[in-house]
Amino acid sequence: MGAGRIIAVVVAALGWAVASSASAQTTGSLTTGAAARATPAAAEAARTSLPAVVVAAHVGVEGQRTRLTFDLTRPVEMRAFALADPYRVIVDLDEVNFHIAPPQAQSRGLVKTFRFGLFAPGKSRIVIELTGPATIERALTIEGGEGTPPRLHLDLVRTDADGFRRAMTERAVSNIARRGDRETLGPRLSPRVEEDGGPPLIVIDPGHGGIDPGAIAPSTGDEEKMIVLDFAKVLRDKLAAGGRYRVLMTRDRDIFVPLADRVRMARDARAQLFISVHADSIRGANENARGVTVYTLSDRASDADSERLAERENKADAIAGLDLSEEPSEVADILIDLTRRETRIYSANFARTLAGEMRQVTRMHTLPLRSAGFQVLRAHDIPSVLVELGFVTSRRDVEMLTSAIWRERTADSVSKAVDQFFAARNRGPVAPAARR
């Protein structure tokens, strides 16, 4: 992965600080060169026009209290609140860049792990997983002084489940906070959808993003969120070329988008095909766990591995710190159910076509067609598939997934499958999907 890429990583919390050289490199890039020739006021304006940078983090423990601080290049506004199931603390702040090297995995005090990354345009988030229930005693930004950098300061105090519930009641999350939890990246169209009746609209959904890195390749450190984004951009360009299709991406940069919003984007834009792109991982994987798998939605998973994968993917919102306690349940309706049945037939037919085309250019998994209850495939009126491009736990698959040549060739095969899908839909009524 490119050295300049600012990535969101899963890190275990312990007392630590990034080496001073990282801070020097960060601040130096803002003050040398043009700033040396500019007036102090101009230099300050240039500096503050860029996002602040988190250059170090520290964890300290005193009895029942755990203190977590983040050193900054300049102060930013912050807001912190706690959530349960699992117990965690969410810190929202203005957009920042994280220049923090991950330490070795080890819990300390109340902090089990924490993640960080871009959560929405202009907004970053830190999700702190806790070892048990805790209350936020203090959360603020410290301006800093001579010899002391500005800091985000968070004091957590251990409590029990009843104490946590009382604290949640007393310090309920404000309406602003609740809206902030659901702030997301808006739809991005290529070209812009102006009216119905144009070329078919296809939604490409690069999985994960921002604060949620997805699976991480143990051999190289490459993250699923960037692997699938790189592939999705190539696929978008191929589908949009020639004007045969309009293309919407649920995200076109490293940002988090909730699962429900990904589906909502597709439905609001009246998409006619939804393709979610991921890269699988498996515990204890060996070189035999390789290749592409195409998933469709089903209420009952086709196998145990598919069920476990769907459970992992469906936890993306919790990983990013969303409060899911008030999510609406799915509305039951006879017409919706009839539409869903027809949509699943279209989805299964496209999955078979897609697997057939991809097999011509890349390695497929031994069971390339599977199904499970993926939340992101639940649009009842849009044929939808989830494509696992390969296993990041396989060194050979990672070499493939990060190859520009492989991306071009594989995106071509997906484009051919899309052509066949819409050609078949234009010929007449849907036919039942053939059995594997």
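Please refer to the structure placed before this passage.
Since this is a predicted model, take the numbers as computed values, not measurements.

Colleague: Can you lay out helix H7 (residues 259–268) for me, pointing to particular residues and giving the numbers?
Modeller: For H7, the full list of buried residues reads Leu-259, Asp-261, Arg-262, Val-263, Met-265 and Ala-266. On the buried face of H7, the contacting elements are strand S12 (201–206), strand S13 (246–249), strand S14 (273–280), helix H8 (304–313) and helix H9 (316–319).

Colleague: Please set out the packing of aromatic side chains residue by residue, giving values where relevant.
Modeller: In total, this model carries eleven aromatic pairs according to the counting rule given. Centre to centre, the rings of Phe-421 and Phe-422 are 5.0 Å apart; their planes meet at 80°, and the pair counts as edge-to-face. For Phe-422, a relative accessible area of 7% corresponds to the buried category. Members of the aromatic cluster, joined through ring pairs, are Tyr-245, Tyr-346, Phe-350, Phe-421 and Phe-422. Over the ring of Phe-119 we find Arg-125; its NZ or CZ atom is 3.9 Å from the centre of that ring. If you follow Arg-425 out to its NZ or CZ, it ends over the ring of Tyr-346, 4.0 Å from the centre.

Colleague: Talk me through the side chain of Thr-293; I want residue IDs and the actual numbers.
Modeller: Summarising the element assignment, Thr-293 is placed in strand S15 (residues 292–297). Look past the residues within four positions of Thr-293 in its chain and what remains in contact with it is His-365, Leu-367, Pro-368, Arg-370, Leu-386, Val-387 and Glu-388.

Colleague: Go over the nonpolar core with me, naming the residues and quoting the values.
Modeller: Ranked by internal contacts, the top residues of the largest apolar core, which has 44 residues, are Ile-275, Phe-350, Leu-354 and Val-418. Here this core takes nine residues from helix H6 (residues 224–240), the largest share from any one element. Residue contacts for Ile-275: discarding those within four places in its chain leaves Ile-202, Val-203, Ile-204, Asp-205, Phe-350, Val-385, Val-387, Val-414 and Val-418. Formed by 29 residues, the second largest nonpolar core is a distinct cluster that contains Ala-82, Val-91, Val-96 and Leu-110.

Colleague: Please set out the sheet that holds strand S6 (residues 96–98) residue by residue, giving values where relevant.
Modeller: Spatially, five strands are ordered S6-S2-S3-S10-S9 in an open sheet, and the strand pairing comes out mixed. Both edges of this open sheet fall to S6 and strand S9 (134–142), since each of them pairs with a single strand only. Averaged over all adjacent pairs, the angle separating strand axes in this sheet is 25°, with direction ignored. Direction of pairing for S9 relative to strand S10 (residues 151–158): antiparallel, over a ladder of eight bridges. Residue pairing for S10: Ile-136 is matched across the bridge by Leu-156.

Colleague: Describe the pattern of salt bridges, and please don't skip the residues or the numbers.
Modeller: Taken as a whole and judged by the stated rule, the model has 22 salt bridges. Among the ionic pairs, Asp-92 bridges to Arg-125, the shortest N-O distance being 2.6 Å. Placement of Asp-92 in strand S5 (residues 88–94) and of Arg-125 in strand S8 (residues 123–130) is noted, with a sequence separation of 33 residues between them. Of the two residues, Asp-92 and Arg-125, both sit in the buried class.

Colleague: Break down the pairing of S14 for me, citing the residues and quoting the values.
Modeller: Within S14, eight of the eight residues are buried, which leaves it mostly tucked inside the rest of the structure. Because side chains alternate across S14, one face comprises the buried residues Leu-273, Ile-275, Val-277 and Ala-279, and the other comprises Phe-274, Ser-276, His-278 and Asp-280, equally buried. The pairing of S12 with S14 spans five bridges and is classified as parallel. Along S14, the bridge assignment pairs Asp-205 with Ser-276. Pairing of S14 with strand S17 (residues 384–391), which is carried by six bridges, proceeds in the parallel orientation. Bridging across to S17, His-278 finds its partner in Glu-388.

Colleague: Go over H6, please, and point to the residues and values.
Modeller: Helix length check: H6, at 17 residues, gives a terminal C-alpha distance of 24 Å against a target of 24 Å (1.5 Å per residue), a fit within 8%. Counting buried residues in H6 gives twelve out of 17 residues, a clear majority hidden from the surface. Listed as buried for H6 are Glu-224, Lys-225, Met-226, Ile-227, Val-228, Leu-229, Phe-231, Ala-232, Val-234, Leu-235, Lys-238 and Leu-239. Of the residues trailing H6, Gly-242 is marked for its positive phi of about 85°.

Colleague: Hey, could you go over unusual backbone geometry for me, with residue numbers and the actual values?
Modeller: Cis geometry marks the peptide bond from Asp-85 to Pro-86, where omega comes out at 0°. The topology assignment puts Pro-86 in the loop between strand S4 (78–83) and S5. One non-glycine residue, Arg-270, adopts positive backbone phi at about 60°. Relative to the elements of secondary structure, Arg-270 occurs in the loop between H7 and S14.

Each value, and the rule that gives it
Residues numbered from 1 in each chain as written. Predicted model: local features only at pLDDT ≥ 70, side-chain atom pairs only at ≥ 80, totals over all residues. Heavy atoms only, no water. Buried < 20%, exposed > 50% of the residue type's maximum accessible area, 1.4 Å probe, protein only. Helix = DSSP H or I, 4+ residues; strand = E, 2+ residues; numbered from the N terminus. Contact = heavy atoms within 4.5 Å. Phe/Tyr/Trp six-rings, centres within 6.5 Å; stacked < 30°, edge-to-face > 60°. Lys NZ or Arg CZ within 6 Å of the ring centre and 35° of its normal. Core = buried A, V, L, I, M, F, W, Y, C linked by side-chain atoms within 4.5 Å. Pairing = 2+ DSSP bridges. Axes fitted to C-alpha atoms, helices over the stretch in contact; angles between N-to-C directions. Salt bridge = Lys/Arg side-chain N within 4 Å of Asp/Glu carboxyl O. Expected span 1.5 Å × (residues − 1).

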